[in-house]
Amino acid sequence: MNFSEALRSAAENPDVVEGDERTRELALRLADVHERIDRALEASGRRERPELIVVTKNFPAGDVGRLHRLGVRDVGENKDQEAARKAREVHELLGDDPRDRLRWHFVGQLQSNKAKSVVRYADSVHSVDRLSLVKALGKAMARESHDPSGRSAAGPLECHIQVSLEAPESAQDPAHGLDAAGRGGSSAEQMMELAEAIDRTEDLELGGLMAVAPLQGSAHEAFSRLSELSQALRQQYPHAVEISAGMSGDLEDAVACGATRLRIGRDVLGDRSAAR
Ligand SMILES: *Cc1c(COP(=O)(O)O)cnc(C)c1O
């Protein structure tokens, strides 16, 4: 039985759903997303299944608990204040059985002064886009190692370098372009500098790259470029294999271009503007 079949049968299983319509709905939506991933893998002849990170921003801790019940172990958030609160609430809801704890991925634009808070609950930060942030995260992790009770995740903080896939002529600010949707990130030239900084910072671990497809143009072309950047990165840092790409609207393109992690919000949880 594959993921989508297992989830469809969970949706019909009263022991899983326990009369909760939202759990059933989430199971069916997750099943659809897994089916899309399966089809995209087949179409591109890939075998290795990317990891699904469910982006739970705007949705309550109760939904994270429901997703956990359905087998989800990786969740993404993009705002520190919301994520910190939700991680605490979910912890109270689920307890801390280390065997099936959730991994929290911070995927949003991150101000350096939030680093201290983020490292307490995040296993991974996908949006490292400048040297000052590497420094802030390193410092925050060093502080946590003196107070091991503070950080919920074990081991180093995984960092993805967020790279910009905007065509150069459309980048608003070539040094650090960013728009409202969190597109932006570092340039290809800055990528190596950031990789080196992460690599030599104790308690930080270079996981790989992250990108958001540009608003204009082809997501497939943009993600192919991301795949090339990843190859260049891996020449120097062979362990930095992760490619975090693909959202609800472009997961097929991301799978075709070798994404190892998909960040899916809307197609699992529903419309954020109507979030309860
Ligand atoms: C919200 C968000 C996602 C998920 O997007 P959907 O379109 O809801 O799937 C992925 N990545 C980042 C950085 C996000 O902010």
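The structure under discussion appears in the preceding block.
A short tour of the structure in this document, coming up.

What counts and how
Residues numbered from 1 in each chain as written. Predicted model: local features only at pLDDT ≥ 70, side-chain atom pairs only at ≥ 80, totals over all residues. Heavy atoms only, no water. Helix = DSSP H or I, 4+ residues; strand = E, 2+ residues; numbered from the N terminus. Rg over C-alpha atoms; globule rule 2.2 N^0.38 Å. Buried < 20%, exposed > 50% of the residue type's maximum accessible area, 1.4 Å probe, protein only. Contact = heavy atoms within 4.5 Å. Areas by Shrake-Rupley, 256 points an atom, 1.4 Å probe, with all protein chains shown as cover. Lys, Arg positive; Asp, Glu negative; His and termini not counted. Charge placed at Lys NZ, Arg CZ, Asp CG, Glu CD. Polar contact = N/O pair within 3.5 Å; in protein donor to acceptor, adjacent residues only side chain to side chain. Expected span 1.5 Å × (residues − 1). Pairing = 2+ DSSP bridges. Right-handed = clockwise from strand over helix to strand, strands pointing away. Near = heavy atom within 4 Å. Nonpolar A, V, L, I, M, F, W, Y, C, P; charged D, E, K, R; others polar. Patch = residues over 30% accessible without salt bridge, like charges linked within 9 Å, V, L, I, M, F, W, Y side chains within 5 Å. Salt bridge = Lys/Arg side-chain N within 4 Å of Asp/Glu carboxyl O.

A closer look at the overall build of the chain
So, point 1. When you go through the chain residue by residue, the secondary structure sums to 11 helices and eight strands.
So, point 2. The C-alpha atoms of the chain give 18 Å as radius of gyration, which agrees with the globular expectation for 276 residues (19 Å, within 12%).
So, point 3. C-alpha extents for the chain along the principal axes are approximately 55 × 45 × 35 Å.
So, point 4. A burial count over the chain gives 50% of its 276 residues as buried.
So, point 5. Long-range pairs, those at least 24 residues apart, make up 65% of the contacts in the chain with a sequence separation of at least 6.
So, point 6. Summed over all atoms, the accessible surface of the chain reaches about 13,500 Å², with 47% contributed by carbon and sulfur.
So, point 7. Computed over 37 positive and 47 negative side-chain charges, the separation of the two mean positions in the chain equals 3 Å.

Points about the side chain of threonine 23
So, point 1. Structurally, the position occupied by threonine 23 is in helix H3 (residues 21-44).
So, point 2. Owing to a relative accessible area of 4%, threonine 23 belongs among the buried residues under this scheme.
So, point 3. At a separation of 2.5 Å, a polar atom in the side chain of threonine 23 contacts the side chain of aspartate 20.
So, point 4. Here threonine 23 is in contact with Val16, Val17, Arg66 and Leu70, once residues within four sequence places are set aside.

What to know about H3
So, point 1. End to end, H3 covers 35 Å across 24 residues, agreeing with the expected 34 Å (1.5 Å per residue, within 8%).
So, point 2. Within H3, burial applies to Arg22, Thr23, Leu26, Ala27, Leu30, Ala31, Val33, His34, Arg36, Ile37, Ala40 and Leu41.
So, point 3. Just downstream of H3 lies glycine 45, where phi reads positive at about 65°.

Some thoughts on helix H4 (residues 61-69)
So, point 1. Looking at H4, one finds that the buried residues are Ala61, Asp63, Val64, Gly65, Leu67 and His68.
So, point 2. Here the buried face of H4 lies against H3, strand S1 (51-55), strand S2 (74-77), helix H5 (80-94), strand S3 (103-106) and helix H11 (266-269).

Brief notes about the pairing of strand S6 (residues 204-210)
Residues in a regular strand point their side chains to alternate faces of the sheet.
So, point 1. With respect to burial, S6 is a largely interior element, six of its seven residues being buried.
So, point 2. As paired elements, strand S5 (residues 157-162) and S6 share six bridges and run parallel to each other. Paired with leucine 157 across the strands is leucine 204, a residue of S6.
So, point 3. Note that S6 and strand S7 (residues 242-244) share three bridges and pair parallel. Looking at S7, one finds that leucine 209 is bridged to isoleucine 243.
So, point 4. As a crossover connection, the stretch from S6 through helix H9 (residues 219-236) into S7 is right-handed.

Digging into unusual backbone geometry
So, point 1. The phi dihedral of asparagine 58 is positive, around 75°, even though this residue is not glycine.
So, point 2. Among the secondary structure elements, asparagine 58 is positioned in the loop between S1 and H4.
So, point 3. The class of asparagine 58 is partly exposed, set by a relative accessible area of 36%.
So, point 4. With a phi close to 75°, aspartate 203 is a non-glycine residue in the positive phi region.
So, point 5. The topology assignment puts aspartate 203 in the loop between helix H8 (188-199) and S6.
So, point 6. According to the relative accessible area criterion, aspartate 203 is partly exposed, its value standing at 25%.

Description of the site of the ligand
So, point 1. As a matter of local geometry, the ligand sits amid Val55, Lys57, Asn78, Val107, Met247, Ser248, Arg263, Ile264, Gly265, Arg266 and Arg272.
So, point 2. With respect to the ligand, the side chain of serine 248 contributes an N or O atom lying 2.6 Å from an oxygen atom.
So, point 3. Burial of the ligand by the protein amounts to 92% of the accessible area it has alone, namely 390 Å².
So, point 4. For the shell around the ligand, a count of residues per class yields four nonpolar, three polar and four charged.

Quick notes on a positive patch on the surface
So, point 1. On the surface, a cluster of positive charge is made up of Lys116, Lys135, Lys139 and Arg143.
So, point 2. Residue contributions to the positive patch peak at three residues, all from helix H7 (residues 131-146).
So, point 3. Examined against the element boundaries, lysine 116 turns out to sit in helix H6 (residues 115-121).

Quick look at the environment of alanine 195
So, point 1. Positionally, alanine 195 belongs in helix H8.
So, point 2. Alanine 195 gets classed as buried once you look at its relative accessible area, which sits at 0%.
So, point 3. Along the backbone, alanine 195 and isoleucine 161 are 34 residues apart, and their C-alpha atoms lie at a distance of 7.4 Å.
So, point 4. Not counting the four nearest positions on each side in its chain, alanine 195 is found in contact with Ile161, Leu206, Leu233 and Tyr237.

Any functional reading would require information beyond the geometric quantities listed.
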